[in-house]
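Inside the fold
Below are the chains, spelled out letter by letter.
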Amino acid sequence: MNLDLAVLEAFRALTGIAPDGIWRAPGRINLIGEHTDYNDGFVLPFALPQAAYLAAGRRDDARIRVVSVDLGERFETGLDELAPNQDGWHAYLAGVFWALREAGHEVGGADLALASDVPIGAGLSSSAAIECVLVEALNDLYDLGIEPMDRAKLARRAENAYVGAPTGLMDQAASALCTAGHALFLDCRSLAVEQIPFDPERHGHAVLVVDTLTRHSHADGEYASRREDCERAAELLGVPALRDVGDDDLAERLAVLADDQLIRRARHVVTEDQRVLDACAALRADDFAALGALMTASHVSMRDDYEITEPSVDLTVETALAHGAAGARMTGGGFGGCVLVLAALDRLDEIGAAIRAAFADSGRPAPATFVARPAAGAGRLA
Ligand code: ADP
Ligand code: MG
């Protein structure tokens, strides 16, 4: 069943009446620009066709009632009972009410029915999708008049302060602001955004997403240590953030760090920022060969300098390239998760089959694959 119908039915079952509307907000994937966000740098995500759907209706009292179709669970609370640092799936939603009220927005109670086909925990940001779909709905239902970037910031605040997950703004900005057929360039320092045309199929290409199904249990510690290395490198280089290190004479500049690991960590960030800018230029020129080369260079940098890949993602990238992909890279925080493969349409089947065979031959479970068409950001459906 279509998810808009699923949430409509679930809303009727919850309330006995029709909702005031139905909203949608997508998951996202990052085309290029990894571990650049906390260095004040650049990212280039695009929205996925997979999305969270929400049927919502206003309530006259201060109650919140929500049902998750996917989990088959209900949750109910009062606006005055909201307090940060909550666990559970409903915290992402309760956190949105909390963040809106804390920012001074006059939001009342609501009945909500939620369903999503963004896979949970695959790095495709199922969490931002459910936060952003709710901000969108409440903004409309309560006439809050919040600008799109501020909607993304409020969704992020729900996740950071209420759920307690320290994430950057990329996920929510992508879910809230992306437009179909574009990637979203985001400057993580100024928060300036730009829609960059990205419609691979119009140019005989496609982006295949391969979920390796590998998840790393130590990713949090590894992430923290990369952040520390970056902060230390910036301090030693005398700049506010690695974003401020240009890539001219890079080897000479980084030599000041006098530590091989720090040099490699900084080199990844500085060169990755430049690759994002170069990728924007490649997209504007419809140069998919150049885009592919940048993606592969990004992967090599993550593998050798930032050391955040692992055997399953490396195998996926190597296999894709060996079978004629224009480029391939791991996407997301690292140590597993998804790989993006950019390829000509007539190579896709062979590449997918080769990756599945390589996984089978090495005793790995079959990866999940889908073609990602750059989709629209959050909005009202009905
Ligand atoms: P992701 O990489 O998918 O964003 P997170 O751990 O950040 O992974 O967020 C996943 C969490 O978001 C889930 O554990 C759940 O609490 C919540 N969530 C996502 N989608 C749904 C859904 N359809 N219904 C209920 N909760 C959901
Ligand atoms: Mg998330």
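Placed above this text is the structure.
Our subject in this report is the structure included herewith. (Residues numbered from 1 in each chain as written. Chains lettered and ligands numbered in written order. Predicted model: local features only at pLDDT ≥ 70, side-chain atom pairs only at ≥ 80, totals over all residues. Heavy atoms only, no water.)

**Quick notes on the site of ligand 1**
Rules: When we say a residue is near a molecule or strand, we mean one of its heavy atoms is within 4 Å of it. A 3.5 Å cut-off defines polar contacts: any pair of N or O atoms within that distance qualifies, except that in protein one atom must be a possible hydrogen donor and the other a possible acceptor, and neighbouring residues in sequence count only when both atoms are side-chain atoms. Using a 1.4 Å probe, accessible areas were evaluated by the Shrake-Rupley method; residue-level cover was limited to the displayed protein chains. Secondary structure elements are taken from DSSP: a helix is a run of H or I of four residues or more, a strand is a run of E of two residues or more, and numbering for both begins at the N terminus. Following the grouping adopted for this structure description, the nonpolar residues are Ala, Val, Leu, Ile, Met, Phe, Trp, Tyr, Cys and Pro, the charged ones are Asp, Glu, Lys and Arg, and the polar ones are all others, Gly among them.
The environment of ligand 1 is made up of 16 residues, and the closest members are S68, D70, G121, S126 and S127. Here G121 contributes a backbone N or O atom positioned 2.8 Å from an oxygen atom of ligand 1. A distance of 3.4 Å separates an oxygen atom of ligand 1 from a polar backbone atom of G123. Calculation on ligand 1 without its partners gives an accessible area of 570 Å², and the protein chains cover 79% of this total. Elements represented by at least two residues in the shell around ligand 1 include exactly β6 (110-116) and α3 (126-141). With 3 residues, α3 is the largest single contributor of residues to the shell around ligand 1. Here the shell around ligand 1 is composed, by residue class, of 7 nonpolar, 7 polar and 2 charged.

**Digging into the environment of L348**
Inclusion rule: Residue burial is assigned from relative accessible area. The probe radius is 1.4 Å, only protein chains are included, and a residue is buried under 20% of its type maximum, exposed over 50%, and partly exposed in between. Between two residues, a contact is recorded if the distance between any of their heavy atoms is within 4.5 Å.
With respect to the element layout, L348 can be found in helix α11 (residues 348-361). By relative accessible area, which is 11% here, L348 ends up buried. Separated by 29 residues in sequence, L348 and T319 place their C-alpha atoms 12 Å apart. Beyond its immediate chain neighbours, meaning those up to four positions away, L348 contacts A206, L208, A343 and V371.

**Regarding the nonpolar core**
Side chains that are nonpolar tend, in soluble globular proteins, to be buried together. Let me state the cut-off plainly: Only buried Ala, Val, Leu, Ile, Met, Phe, Trp, Tyr and Cys residues count toward a nonpolar core, and they belong to the same one when joined by side-chain atoms within 4.5 Å.
Grouped together as the largest cluster of nonpolar side chains are 85 residues, with contacts concentrated most on L44, F97 and L291. Considering each element in turn, this core owes the most residues, 9 residues, to α3. Excluding residues within four positions of it along the chain, L44 makes contact with N30, L31, I32, A183, L184, F185, I196, V276, A279, C280 and L283. By size, the runner-up hydrophobic cluster in this structure holds 33 residues, among which are A206, V245, Y306 and L348.

**A short note on the packing of helix α6 (residues 219-237) against helix α8 (residues 260-284)**
So the rule is basically this: Think of each axis as a best-fit line through the C-alpha atoms, taken over the contacting stretch in the case of a helix, with angles from 0 to 180 degrees between the N-to-C directions. For classification, angles of less than 35 degrees are called roughly parallel, those exceeding 145 degrees roughly antiparallel, those between 65 and 115 degrees roughly perpendicular, and all remaining angles oblique.
Axis separation between α6 and α8 bottoms out at 9 Å; the angle between their running directions is 90 degrees. If you check the angle between α6 and α8, you find them roughly perpendicular. On α8, the residues that touch R226, D229, C230, R232, A233 and L236 of α6 are Q261, L262, R265, A266 and V269. Across the contact of α6 with α8, the residue classes tally to 6 nonpolar, 1 polar and 4 charged.

**Some details on the side chain of E131**
Note the threshold: Charged residues are defined here as Lys and Arg on the positive side and Asp and Glu on the negative side; His and the ends of the chain fall outside this count. A carboxyl oxygen of Asp or Glu within 4 Å of a side-chain nitrogen of Lys or Arg is what we treat as a salt bridge.
For E131, the position within the fold is in helix α3. There is no salt bridge for the buried E131, and the closest opposite charge comes from R156, which lies 9.0 Å off by N-O distance. Residues contacting E131, with those up to four places away along its chain left out, are Y92, V96, A155, E159 and Q172.

**Quick look at the sheet that holds strand β10 (residues 327-331)**
The pairing of strands in a sheet comes from backbone hydrogen bonds and takes either a parallel or an antiparallel form. Under the convention used in this document: Each pair of strands is called paired provided DSSP finds at least two bridges between the two strands.
Spatial ordering of the open sheet is given by β10-β11-β9-β12, a layout of 4 strands whose pairing is antiparallel. Pairing within the sheet leaves two strands with one partner each, and these edge strands are β10 and β12 (368-371). The sheet shows a mean angle of 20 degrees between the axes of neighbouring strands, direction not considered. The pairing of strand β9 (residues 205-211) with strand β11 (residues 338-344) spans 7 bridges and is classified as antiparallel. Looking across to β11, one finds that V210 is bridged to V339. Sheet strands in contact with helix α10 (residues 311-322) are β9, β10 and β11, and its direction is about 165 degrees off that of β10.

**Here we look at the pairing of strand β4 (residues 63-68)**
Regular strands have side chains that alternate between both faces of the sheet. As paired elements, β4 and strand β5 (residues 73-78) share 6 bridges and run antiparallel to each other. Residue pairing in the sheet places I64 in a bridge with T77 of β5. Following β4, the chain reverses through 4 residues before pairing antiparallel with β5; G72 in that reversal takes a positive phi of roughly 65 degrees. Of the pairings in the sheet, the one linking β4 to β6 comprises 5 bridges and is parallel in character.

**With respect to unusual backbone geometry**
Residues other than glycine seldom take positive phi values, yet S125 does so here, at roughly 65 degrees. Within the chain, L191 stands out as a residue other than glycine whose phi angle is a positive 60 degrees. In this structure, L191 sits in the loop between β7 (182-187) and β8 (193-197). A relative accessible area of 25% places L191 in the partly exposed class.

**Considering the sheet that holds β5**
In spatial order, the strands read β5-β4-β6-β3-β1-β13; together these 6 strands make up an open sheet with mixed pairing. Two strands close off the open sheet at either side, each with one partner strand: β5 and β13 (379-380). Across the sheet, helix α1 (residues 3-15) lies against β1 (21-30), β3 (45-58), β4, β5 and β6, angled at about 145 degrees from β6, the strand it touches most.

**Re the packing of helix α4 (residues 148-163) against helix α5 (residues 170-177)**
Going by this rule: A clockwise turn of the near helix away from the far one marks a right-handed crossing, whereas an anticlockwise turn of less than a right angle marks a left-handed crossing.
Where α4 meets α5, the axes come as close as 8 Å, and the angle between the chain directions of the two elements is 140 degrees. On the basis of their axis angle, the class for α4 and α5 is oblique. The handedness of the crossing between α4 and α5 comes out as right-handed. Along its contact with α4, which presents P148, M149, A152, A155, R156 and E159, the element α5 presents Q172, A173, A176 and L177. Tallied by class, residues from the contact of α4 with α5 come to 7 nonpolar, 1 polar and 2 charged.

**Points about helix α2 (residues 91-102)**
We apply this condition: Any helix carries an expected span of 1.5 Å times its number of residues minus one.
In a regular helix each residue adds 1.5 Å, so 12 residues correspond to 16 Å; α2 covers 15 Å between its end C-alpha atoms and thus fits that length. Here α2 lies mainly inside the structure; 9 of its 12 residues are buried. Against β4, β6, α3 and α4 lie the buried residues of α2. Of the residues trailing α2, G104 is marked for its positive phi of about 90 degrees.

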